[in-house]
Amino acid sequence: MLLKLELKKAFWNRWFFLSLGIGLICSVLSFIYNLSKYSVENRFYDVYGMSPYKNHEVYVLTAFSYWIGGDFYSLGSVVFYFIFPLLAVLAFGWSYREEKRVGYHKMLISKTSRRTYYLSKSIALFISGGTVFVLPQLINLVMTMCVIPMRLPLVEGSMYYGIFNGFLAPLFYSHPLVYVFGYLLLDFVFAGLLANLTLFIAEFIKNQWIIVVLPFIFLLAFEQFLRLLYRFEAFRNISAEFSPLTFLHAQGGGLRGDAFIIGVWLFVLFISWIVYFIWVRKRDILE
Amino acid sequence: MKLGLEKILIILILIVATISISWQIIQVNHNKDEFMPKTSVYQKGEVVTFGKNLGYANWQAEGYEVSAKETRVLLPDEVEKEYNYRNKEKTDLQGFCIVCINVKNQSNQKAGEQGISAGLIPLLVGVNQMTNNFDDELFELLNPDIPPTTFGGFSLNEGENLDVYIPYVINNGNFTNSIFESDMDVLKRSNKYLMLTTYPERKLLELFERGEVNGDNN
């Protein structure tokens, strides 16, 4: 019952709609850009021309490289993957602090149980955060699939797709839909766990807007730290991507996503969530 | 009652939207493979003709035939010991993949004008990795019968055949999927093919027999 209430609050508030709206605007911008790019390239490769030899690189014209996840330079795509931590947390991440401030959480805990309250809040945060990140990508994917054929990518076109040997890369060239949904699942889980960090942060920081911005600032600072590190000779040969702002993008950008690094990030976020639950169970709610 | 009607309307709209979108996607994709290259995989030992197909190495190789003979994965020290050669240009060099193919000019009558650039034939590793990182100095050492040219280009007289050794350079970062792997690990573990032609028929020549453990026959 409380879960239903929390889900309703998570999915029916102006900040959720604002986050989703910004995500959808980015998604539509990317779609418009890629549609025009496709129409130009489609003519260039002359798919429906008379000679079959004009079409020898037709595998480049595939929905899997024109959807937002395969697009790495349109404004919509770049902005979307840059601000996703902000969107995922803005949707509902402010709520726990707000309820703490007015004492609403005490009332809910006294009427249900501490476990039910925190679990319901956490699930609602997880789903809302994941939805805000994944739904615009999913809508963009469906829009793209409605106009661009889902041709099987071939390794000869790797220069066009920008996918070489990173996380799930073999799937991209054998089962591209599985690859795309694998990334969407990863994005959902990561954004959901990131949104849950706000529970932890809210125990120490009182200003809800700082709580909302902090995960984004942290990831941004981490990204800049990495870029600074790569300037040194000793780190120039690193070919794996450590920053979630980049490795959550299905296309990946310059460096490749690595299963181990992605696993470490998810593990750390998951463990922080578990630690928080153990800690909060022992805590007095009047504190 | 009113709420029920609203819900039914929403469900109906969702069903209609799903059907319309699905229909549109089916329509867009119904002839998606029409111009796609047809991939054919040939086994080690099979003779593969270039035909009129396009490729990286054979824009004028009609009438030539190729079969895979032996593939060896060697460390830089092993290559130095065997051929007295060390590549000094490539950074982070891990090893070499030396592919031996037999090339025959079956029916091409333009010897000296038309042939194959062996160094441009891509080596496919697994389904997602490809290289034509070719060592031209080692190519000259391995193929003394072929006059030095760019990218290992050569031609044969009609009816003539020749064993050609193509040395691919393996440096770290091209094939690795995990930070714990090296390119040599991936190379040994993965299926390896030569991509002889690309369009309209994409001819892949498998470098190991089925059941043969990749990279262990060196």
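See the structure printed just above.
Reading guide: rules and limits
- Residues numbered from 1 in each chain as written.
- Chains lettered and ligands numbered in written order.
- Predicted model: local features only at pLDDT ≥ 70, side-chain atom pairs only at ≥ 80, totals over all residues.
- Heavy atoms only, no water.
- Helix = DSSP H or I, 4+ residues; strand = E, 2+ residues; numbered from the N terminus.
- Contact = heavy atoms within 4.5 Å.
- Salt bridge = Lys/Arg side-chain N within 4 Å of Asp/Glu carboxyl O.
- Polar contact = N/O pair within 3.5 Å; in protein donor to acceptor, adjacent residues only side chain to side chain.
- Nonpolar A, V, L, I, M, F, W, Y, C, P; charged D, E, K, R; others polar.
- Core = buried A, V, L, I, M, F, W, Y, C linked by side-chain atoms within 4.5 Å.
- Buried < 20%, exposed > 50% of the residue type's maximum accessible area, 1.4 Å probe, protein only.
- Phe/Tyr/Trp six-rings, centres within 6.5 Å; stacked < 30°, edge-to-face > 60°.
- Pairing = 2+ DSSP bridges.
- Axes fitted to C-alpha atoms, helices over the stretch in contact; angles between N-to-C directions.
- Parallel < 35°, antiparallel > 145°, perpendicular 65-115°, else oblique.
- Left-handed = near helix turned anticlockwise from the far one by under 90°.

(A) Structural detail: the environment of glycine 152 of chain B. Residues and elements named next belong to chain B. The residue glycine 152 is located in the loop between α3 (136–142) and β8 (153–154) in this model. Glycine 152 sits 122 residues away from histidine 30 along the chain, and the two C-alpha atoms are 42 Å apart. Apart from the residues within four sequence positions on either side, glycine 152 is in contact with Ile116, Ser117, Ala118, Gly119, Phe134 and Phe139.

(B) Spotlight on the interface of chain A and chain B. Opposite the 31 residues of chain A that make contact, chain B presents 31 residues. Salt-bridge contacts for glutamate 156 of chain A lead to arginine 202 of chain B; the nearest nitrogen and oxygen are separated by 2.7 Å. Linking chain A with chain B are six residue pairs in polar contact (both at pLDDT 80 or more), by the criterion used here. Secondary-structure elements contributing two or more residues to the side of chain A that touches chain B are α7 (114–147), α9 (169–174) and α13 (259–281) of chain A. For the side of chain A that touches chain B, the element with the highest residue contribution is α7 of chain A, accounting for four residues. Taken together, the residues of the side of chain A that touches chain B sort by class into 23 nonpolar, four polar and four charged.

(C) A look at the nonpolar core. Core analysis: the largest hydrophobic core is formed by 87 residues, its most contacted members being Tyr118 and Phe190 of chain A. Every residue in contact with tyrosine 118 of chain A, bar those within four places of it in the chain, is listed here: Tyr96, His105, Ile109, Glu203, Tyr276, Phe277 and Val280 of chain A. Counting residues in each nonpolar core, the second largest holds 37 residues, with Ala61, Ile116, Phe175 and Leu196 of chain B among its members.

(D) Representation of the packing of aromatic side chains. Residue and element names in this part refer to chain A. A full pass over the atoms with the stated rule returns 39 aromatic pairs over all chains. Ring centres of phenylalanine 190 and phenylalanine 247 lie 6.2 Å apart, and the angle between their planes is 90°; this geometry places the pair in the edge-to-face category. A residue pair is termed long-range when its members are at least 10 positions apart, and phenylalanine 190 in helix α10 (residues 176–202) and phenylalanine 247 in helix α12 (residues 244–247) qualify at 57 residues. Taking the relative accessible area as the measure of exposure, phenylalanine 247 reaches 1% and is therefore buried. Through successive ring pairs, a cluster of aromatic residues spans Tyr96, Tyr117, Tyr118, Phe200, Phe204, Phe270, Trp273, Tyr276, Phe277 and Trp279.

(E) Up close: the pairing of strand β4 (residues 93–105) of chain B. Residue and element names in this part refer to chain B. Counting buried residues along β4, twelve of its 13 residues qualify, which places the element largely inside the surrounding structure. The pairing of strand β3 (residues 64–74) with β4 spans ten bridges and is classified as antiparallel. The residue bridging threonine 71 from the neighbouring strand is valine 99, located in β4. One ladder, built from eleven bridges, connects β4 with strand β9 (residues 161–171); its direction is antiparallel. The partner of cysteine 100 across the bridge, within β9, is tyrosine 165.

(F) Structural context of the packing of α10 of chain A against helix α11 (residues 208–229) of chain A. All names here are of chain A. Contact geometry for α10 and α11: axes closest at 9 Å, N-to-C directions at 120°. By the angle between their axes, α10 is oblique relative to α11. Along this stretch, α10 crosses α11, giving a crossing that reads as right-handed. On the side of α10, the interface is formed by Leu194, Thr198, Ile201 and Ala202, while α11 contributes Ile211, Leu214, Pro215 and Leu219. Residue classes in the contact of α10 with α11 are distributed as seven nonpolar, one polar and no charged.

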